[in-house]
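One-letter residues, chain by chain:
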Amino acid sequence: MALVGSYVALSKPLAATFPVLLLAWLRFGIGGVAMLGWLKRPADEEPMSGQTRRLLFLESFLGNFLFTLCMITGVSLTDALTAGVVMASIPAVIALMSWGFLKERIGLRTWLAIGCAVLGIALLAVAGHSGEANAAVSDEGSSRALLGKVLLLAAVVCEASYAVIGKKLTGKLSAKRITSLINLWGFVLTTPFGLYFALGFDFGAVTADVWVLLLFYALAACMWTVWLWMTGLKTIPAAQSGVFTVMLPISAALVGVLALGETLNATQLLALGVAVLGMLFATLPTRWLRVR
């Protein structure tokens, strides 16, 4: 999740260079080349059922395709700090979907962590942004910011669906195979759009540092984070896994401040602190918190 937060923030300069759908296509293409060796079915793995194939498609459509479109466009219309804190609601949505679809029991400590995530969202709404608070901001600018936040919330739902479906898939396939197969579906889904935008795009104008950033983004988003996440889901409930997504807003905010020159106001800092508190509620030993 720390890696996810970093590439959520770093996708802003990439979205300023590439059309969103071209960027998504390049991402899946680079990831696919890196994971060619992961596509082969292991000898000890059973052939996929029709249900598993459908889940793989949904995992990629929601967690890769739609999440990428909503996240990148949302960040381009707002900023990395907003993206980070809005996505702090992911633990709450994952927990609710795990309860509804996987019938997982959600304990008091997890609910406390969920409450912290919701509080973080409320603090963001109160804080606003220096650009939006300025009286000179145009109606068009405010509308763009609102649309960006709506898209980021849509990305939250997609990410939560990704976690819940992923939990079911880890009982059927290895983490490496899940990672490679959903990336392959992502490449298939974005290929028509990617080819369309590629025909009119000036690749020669892209600087070397942007290509390096794209390589990191593709490997982190398609390969490293998915494999780590699916490996973790094998051993912990989906609802509890959602709590660790608080690392996303923390790392996104840090990258936004340290690498992109964004500013962090006191309320946003408090919102991130609340997110960390939520993670502590869910992960510290019970004897430390005296909560069961």
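Keep in mind the model is a prediction, meaning the values are calculated, not measured.

### Topic: helix 9 (residues 175–199)
In step 1: If you check helix 9, its first and last C-alpha atoms are 35 Å apart, about what 25 residues at 1.5 Å a residue would give, namely 36 Å.
In step 2: Threonine 191 marks where helix 9 bends most, by close to 50°; the proline proline 192 follows one to four residues later.

### Some words on the packing of helix 2 (residues 20–34) against helix 3 (residues 50–77)
Geometry of a packed helix pair, given as the angle between the helix axes and the separation of the axes.
In step 1: Packing of helix 2 against helix 3 brings their axes to within 10 Å, and their N-to-C directions diverge by 130°. Considering the angle they form, helix 2 stands oblique to helix 3. Viewed along their axes, helix 2 and helix 3 form a crossing whose handedness is right-handed. Residues Val20, Leu21, Leu23, Ala24, Arg27 and Phe28 of helix 2 pack against Asn64, Phe65, Thr68, Leu69, Ile72 and Thr73 of helix 3.

### Comments concerning the nonpolar core
In step 1: Core analysis: the largest hydrophobic core is formed by 62 residues, its most contacted members being Tyr7, Phe18, Met71, Met87 and Tyr217.
In step 2: With eleven residues, the single largest contributor to this core is helix 8 (residues 139–169).
In step 3: What phenylalanine 18 contacts, discounting residues up to four positions off in sequence, is Leu23, Leu26, Phe201, Val206, Val210, Trp211 and Leu214.
In step 4: Core analysis: the second largest hydrophobic core is formed by ten residues, Ala113, Leu123, Val246 and Ala271 among them.

### Points about the environment of isoleucine 90
In step 1: With respect to the helices and strands, isoleucine 90 occurs in helix 5 (residues 90–102).
In step 2: Residues isoleucine 90 and leucine 248 lie 158 residues apart in sequence; the distance between their C-alpha atoms is 9.5 Å.
In step 3: Filtering out sequence-adjacent residues up to four positions away, isoleucine 90 remains in contact with Val156, Glu159, Thr245 and Leu248.

### Observations regarding unusual backbone geometry
In step 1: Here the phi dihedral of lysine 103 falls at roughly 60°; this positive angle occurs in a residue that is not glycine.
In step 2: Mapped onto the secondary structure, lysine 103 falls in the loop between helix 5 and helix 6 (108–127).

### Some remarks on the packing of aromatic side chains
In step 1: This structure, assessed with the given rule, holds eleven aromatic pairs.
In step 2: On the numbers, 5.8 Å between centres and 10° between planes, the contact of phenylalanine 57 with phenylalanine 61 is stacked. Taken together, the residues phenylalanine 57 and phenylalanine 61, both in helix 3 and four residues apart, mark about one turn of the helix.
In step 3: Take phenylalanine 57: its relative accessible area is 30%, and that puts it in the partly exposed class.
In step 4: Relative to tryptophan 185, the ring of phenylalanine 57 has its centre 5.0 Å away and its plane inclined at 75°; by these criteria the two rings are edge-to-face. Separated by 128 residues along the polypeptide, phenylalanine 57 in helix 3 and tryptophan 185 in helix 9 bring together distant segments of the chain.
In step 5: Taken together, the ring pairs in this structure connect Phe57, Phe61, Phe65, Trp185 and Phe193 into an aromatic cluster.

### Comments concerning helix 1 (residues 2–17)
In step 1: Relative to the 22 Å expected for 16 residues at 1.5 Å per residue, helix 1 spans 24 Å between its end C-alpha atoms, a close match to the ideal helical length.
In step 2: Where helix 1 bends most, the angle comes to about 35°, and this point is serine 11, followed within four residues by the proline proline 13.
In step 3: Those residues of helix 1 that fall on the buried side of the exposure criterion are Val4, Gly5, Ser6, Tyr7, Val8, Ala9, Leu10, Ser11, Leu14 and Ala15.

### Observations concerning the pattern of salt bridges
In step 1: Enumeration over the complete set of coordinates arrives at one salt bridge.
In step 2: As a salt-bridge pair, arginine 177 and glutamate 45 come within 2.6 Å of each other at their nearest N and O atoms. Taken together, the positions of arginine 177 in helix 9 and glutamate 45 in the loop between helix 2 and helix 3 put the pair 132 residues apart, joining distant regions of the chain. For the pair formed by arginine 177 and glutamate 45, the shared burial category is buried.

### Some remarks on the confidence of the model for the chain
In step 1: For the chain, mean pLDDT is 82; residues scoring 70 or higher make up 87% of the total.
In step 2: At the level of individual helices and strands, the chain shows its lowest average pLDDT in helix 7 (residues 130–133), which scores 46, and its highest in helix 9, which scores 94.

Cut-offs applied
- Residues numbered from 1 in each chain as written.
- Predicted model: local features only at pLDDT ≥ 70, side-chain atom pairs only at ≥ 80, totals over all residues.
- Heavy atoms only, no water.
- Helix = DSSP H or I, 4+ residues; strand = E, 2+ residues; numbered from the N terminus.
- Expected span 1.5 Å × (residues − 1).
- Bend = angle between axes of the 7 residues up to and from the residue.
- Axes fitted to C-alpha atoms, helices over the stretch in contact; angles between N-to-C directions.
- Parallel < 35°, antiparallel > 145°, perpendicular 65-115°, else oblique.
- Left-handed = near helix turned anticlockwise from the far one by under 90°.
- Contact = heavy atoms within 4.5 Å.
- Core = buried A, V, L, I, M, F, W, Y, C linked by side-chain atoms within 4.5 Å.
- Buried < 20%, exposed > 50% of the residue type's maximum accessible area, 1.4 Å probe, protein only.
- Phe/Tyr/Trp six-rings, centres within 6.5 Å; stacked < 30°, edge-to-face > 60°.
- Salt bridge = Lys/Arg side-chain N within 4 Å of Asp/Glu carboxyl O.
- pLDDT = per-residue confidence, 0-100.

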